[in-house]
Amino acid sequence: MENPQDIFSSNGGCLSDIVIEKYLVESKESVSHVQLACSMQDCAFPLDGTELCIWNTKDPSRQLLILRGHHQPITAMAFGNKVNPLLICSASLDYVIMWNLDECREKVLQAYPLLSLFIDAESRQLVTGCADGQLWIFSLMDGHHYRRVARVDLRKKTETFSTRRVKSGLCSQPEESQLPSTSALGKGEQVEVTFPVLRLAPCDLSLIPNSACGCLSSENTRCVWIGSSVGLFVFNLANLEVEAALYYKDFQSLSILLAGSCALRNRTADQKVLCLLASLFGGKIAVLEINPAALVTAQQCPSMGQSLSVPASSCVLPTSPLYLGIAKEKSTKAASEQRCAARNVVKDQRLVFHSKVRSSGYASAPHVTMFSPKTNIKSEGKGSSRSRSSCAREAYPVECAVPTKPGPQVAAAPTCTRVCCIQYSGNGQWLACGLANHLSLVFDASLTGTSAVFSGHDGAVNAVCWSQDRRWLLSAARDGTLRVWSARGAELALLLGKDMFSKPIQSAQFYYIDAFILLSSGPEFQLLRYHIDTCKDEIKRYKQKSKSKLICRLSTTGAVDMTSLSAVNDFYSHIVLAAGRNRTVEVFDLNAGCSAAVIVEAHSRPVHQICQNKGSSFTTQQPQAYNLFLTTAVGDGMRLWDLRTLRCERHFEGHPTRGYPCGIAFSPCGRFAACGAEDRHAYVYEMGSSTFSHRLAGHTDTVTGVAFNPSAPQLATATLDGKLQLFLAE
């Protein structure tokens, strides 16, 4: 368990500012398993078993109100939602009684039976807690039929919360176990400790000023108080994480260190929270006043010294690898163009220059040159028509429906061959996929016609990427090679051999509007400047004239192998995101040429894919929306992050991915996220909900990859048995 100084002093917080014990009373009978109650101004608890005691928090000097009417020990109580009249219900084995507190304070106590009970749910989620420390969250949205959103282990979440704080440097490493209930055990003894959930109550962060919450935004965050036997926790229902923890044992002024029952109530007048505690052992009952602003502020991550942004917000520095790579290219461009022009001039001349001697024509320009004007006109016509069709194509509908209508389905290979990756071209007309049988295929976006085949790898193709101008297709395989192909002719344009990399390439893509190639190999990623020679020499066609040059290489913190890499190529961005096998996500700023931030404990397992919200040329989003990105890990669902705060904003875990890494994708409009699953379905989530909105059937095996068409509301899916499925909007 962390020391109180480590937990609450990082941001200048004071222990006395967080929690104060306002009242203490001792009952003759234990009330450790009694459901207590709090209202805006009153706290209710049983006294000596059968008597209901009311303590007024607004006027503590007022005498306790004792209500007698039960003959058996009181087991539960609850206040009504109305202030006038203020009602409270108490229950025991003999009676269920409704009390009118205003009348009880003025005249003889009268009791009458309760006629009805109800639950007031402000949100569309139902949260239940169990004695074994498990939280069950269900959706109450129309049509969801009380679907389970998540199941949470409170003990594991508190451990993750403490571990994240330790690795982030917010507190020191605890010497002993972080589980407070294991401190009484003898050395060498181990026990599975649970945090029984005693009470759930709404945590209204909107009452707290935004400046006090730090990076925890109260605008879009819905939290709940969890009362446990060892402390109180602020739990975020969006990202399913503990945001703050208050352990009773960390405060020496508290009389109760282990609770058997508790009740919580927000107080709007002074933005404080009242907590009524009953001791697990003995008859002590205490009333605590908690300052949630001080609690949250003391435990939130401090603001970063620099502001990170995916869209480039500043010019490229002269010391940046991006600047060096482009500057060197510009310095040699003129000389290269002159040499190429000279070669072309010599190539077009005849071998014999005498006017009276007739040339054999052997060295004259090839006969195809005669038809080059016609060919060019035809080619330009096609290109212009494509351009016109692209310009004439309507913009991507922002308020479009989710593509759920099954469309064409094709088999990528004759036999059951795994589809490792898929990606649409920028104009949405082509779909590329990498297969486990060493091939890369390009289909028409409608999945009709014959696919183009790109062969040459000796291992499974685990990455394909289109260039921004759609002229080139990049592929990387398990054989340790990277190839750049001409998208039109399926011809190899650039080959980077396995001798250039110490380990197989895990991820590869074009970067900085096709200026660089970005790839990860082992614990580092490399930034390569490349040149593709499009001049054809029929005699030396076997000799590769295209080349690449290493600009820089950066390693992850701790030199752990990278599992995924992501950067934006459609617009200028200095940010590169990398995931490591130690369950971290690291942010690199290539303008500064170094690591900028590390997200520790991003998932419970290593992240196998990072997907950024890159948008599309057919639609526009708010600039801040491009700072959102998704991560996924086997068995831990999908998480939505904000680069500006480095916080997880939402957790999606309604799809089963227990053993196979399934792909994820952002929609061009930024409103939806899709993912594959092992139950032969694809799932679509809305950004504002933690539960899936659509479950797409029709697959014959595990859905390994998903991709949204950037120009139209279409979704393509790939399966483990080599099928491609298209879904269209209704």
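Residues numbered from 1 in each chain as written. Predicted model: local features only at pLDDT ≥ 70, side-chain atom pairs only at ≥ 80, totals over all residues. Heavy atoms only, no water.

Per an unreviewed UniProt entry, the chain goes by WD repeat domain 27 and derives from Pan paniscus.

## Digging into the overall build of the chain
The secondary structure content of the chain amounts to eight helices and 47 strands. Burial analysis of the chain (730 residues in total) assigns 50% to the buried set. Here the contacts in the chain between residues at least 6 apart in sequence split such that 54% fall between residues at least 24 apart. When the accessible surface of the chain is summed, it comes to about 34,800 Å², and 51% of that surface belongs to carbon and sulfur atoms. (Helix = DSSP H or I, 4+ residues; strand = E, 2+ residues; numbered from the N terminus. Buried < 20%, exposed > 50% of the residue type's maximum accessible area, 1.4 Å probe, protein only. Contact = heavy atoms within 4.5 Å. Areas by Shrake-Rupley, 256 points an atom, 1.4 Å probe, with all protein chains shown as cover.)

## A short note on the pairing of strand S23 (residues 439-444)
If a strand is regular, its side chains alternate between the two faces of the sheet. Direction of pairing for strand S22 (residues 430-435) relative to S23: antiparallel, over a ladder of five bridges. Paired with Ala432 across the two strands is Val442, which belongs to S23. Here S23 runs beside strand S24 (residues 452-455); their pairing, made up of four bridges, is antiparallel. Bridge pairing in S24 places Leu441 opposite Val453. (Pairing = 2+ DSSP bridges.)

## Focus on the pattern of salt bridges
Under the definition given, this model contains 13 salt bridges. The closest approach of N and O atoms between Asp636 and Arg639, which form a salt bridge, is 3.5 Å. Take Asp636 and Arg639: they sit in the same class, and that class is buried. Among the charged side chains, a salt-bridge network with shared partners connects Lys157, Arg164, Glu241, Asp636 and Arg639. (Salt bridge = Lys/Arg side-chain N within 4 Å of Asp/Glu carboxyl O.)

## Some remarks on the side chain of Ser711
Tracing the sequence through the fold places Ser711 in the loop between strand S45 (703-708) and strand S46 (714-719). The exposure class assigned to Ser711 is buried, which follows from its relative accessible area of 5%. At a separation of 3.5 Å, a polar atom in the side chain of Ser711 contacts the main-chain carbonyl oxygen of Asn427. There is a polar contact of 2.9 Å between the side chain of Ser711 and the side chain of Asn709. (Polar contact = N/O pair within 3.5 Å; in protein donor to acceptor, adjacent residues only side chain to side chain.)

## A word on the UniProt feature "repeat: WD" (unreviewed entry) in the chain
According to UniProt, the feature "repeat: WD" (unreviewed entry) maps to residues 454-495 and 696-730 in the numbering used here. Helix and strand shares over residues 696-730 are 0% and 54% respectively, and the end C-alpha atoms of the span are 13 Å apart. (UniProt positions renumbered as here; feature names shortened; annotations may be inferred.)

## Section: the state of the cysteines
This model, assessed by the stated rule, comprises zero disulfides. Cysteine Cys43 is unpaired, with the sulfur of Cys38 as its nearest cysteine sulfur at 3.6 Å. Cys662 takes part in no disulfide bond, and the closest cysteine sulfur to it belongs to Cys675, at a distance of 8.0 Å. Under the relative-accessibility criterion, Cys662 is labelled buried at 3%. (Disulfide = S-S within 2.5 Å.)

## Section: the sheet that holds strand S39 (residues 638-642)
The four strands are arranged S37-S38-S39-S40 in an open sheet whose pairing can be described as antiparallel. Looking at strand neighbours, the two that pair on one side only are strand S37 (607-612) and strand S40 (647-652), the edges of this open sheet. The mean inter-strand angle of the sheet, taken between neighbouring strand axes irrespective of direction, is 25 degrees. Pairing of strand S38 (residues 628-633) with S39, which is carried by five bridges, proceeds in the antiparallel orientation. Along S39, the bridge assignment pairs Phe629 with Trp641. (Axes fitted to C-alpha atoms, helices over the stretch in contact; angles between N-to-C directions.)

## Some details on the environment of Pro311
As for its position among the elements, Pro311 is in the loop between helix H6 (292-299) and helix H7 (321-348). When residues no more than four places from it in sequence are discounted, the contact partners of Pro311 are Phe571, Tyr572, Pro623, Tyr626 and Asn627.

## Examining the sheet that holds strand S44 (residues 692-696)
Taken in spatial order, the four strands of this open sheet run S41-S42-S43-S44, and their pairing is antiparallel. In the strand order of this sheet, the two ends are held by strand S41 (664-666) and S44, each with one partner. For this sheet the average axis-to-axis angle between neighbouring strands, irrespective of direction, equals 20 degrees. Two strands pair when backbone bridges link them, and strand S42 (residues 672-676) and strand S43 (residues 682-686) are joined in this way by five bridges, in the antiparallel orientation.

## Let's talk about the side chain of Thr556
Locating Thr556 in the fold gives a position in the loop between strand S32 (547-555) and strand S33 (562-566). Of the residues examined, Thr556 reaches a relative accessible area of 8% and is grouped as buried. Separated by 2.8 Å, the side chain of Thr556 and the backbone oxygen of Val560 make a polar contact.

## Examining the packing of aromatic side chains
This model, assessed by the stated rule, comprises 14 aromatic pairs. Relative to Trp641, the ring of Phe629 lies with its centre 6.4 Å away and its plane at 10 degrees, an arrangement referred to as stacked. With Phe629 in strand S38 and Trp641 in strand S39, this pair connects stretches of sequence that are 12 residues apart. By the burial criterion, Phe629 is buried, and Trp641 matches it. Positioned above the aromatic ring of Phe692, the side-chain terminus of Arg147 is 3.8 Å from the ring centre. (Phe/Tyr/Trp six-rings, centres within 6.5 Å; stacked < 30°, edge-to-face > 60°. Lys NZ or Arg CZ within 6 Å of the ring centre and 35° of its normal.)

## Side note on unusual backbone geometry
Looking along the chain, the bond that leaves Asn84 and enters Pro85 is cis, with omega of 0 degrees. Tracing the backbone through its elements, the reader meets Pro85 in the loop between strand S6 (74-79) and strand S7 (87-92). Within the chain, Arg583 stands out as a residue other than glycine whose phi angle is a positive 70 degrees. Note that Arg583 resides in the loop between strand S34 (575-580) and strand S35 (585-589).

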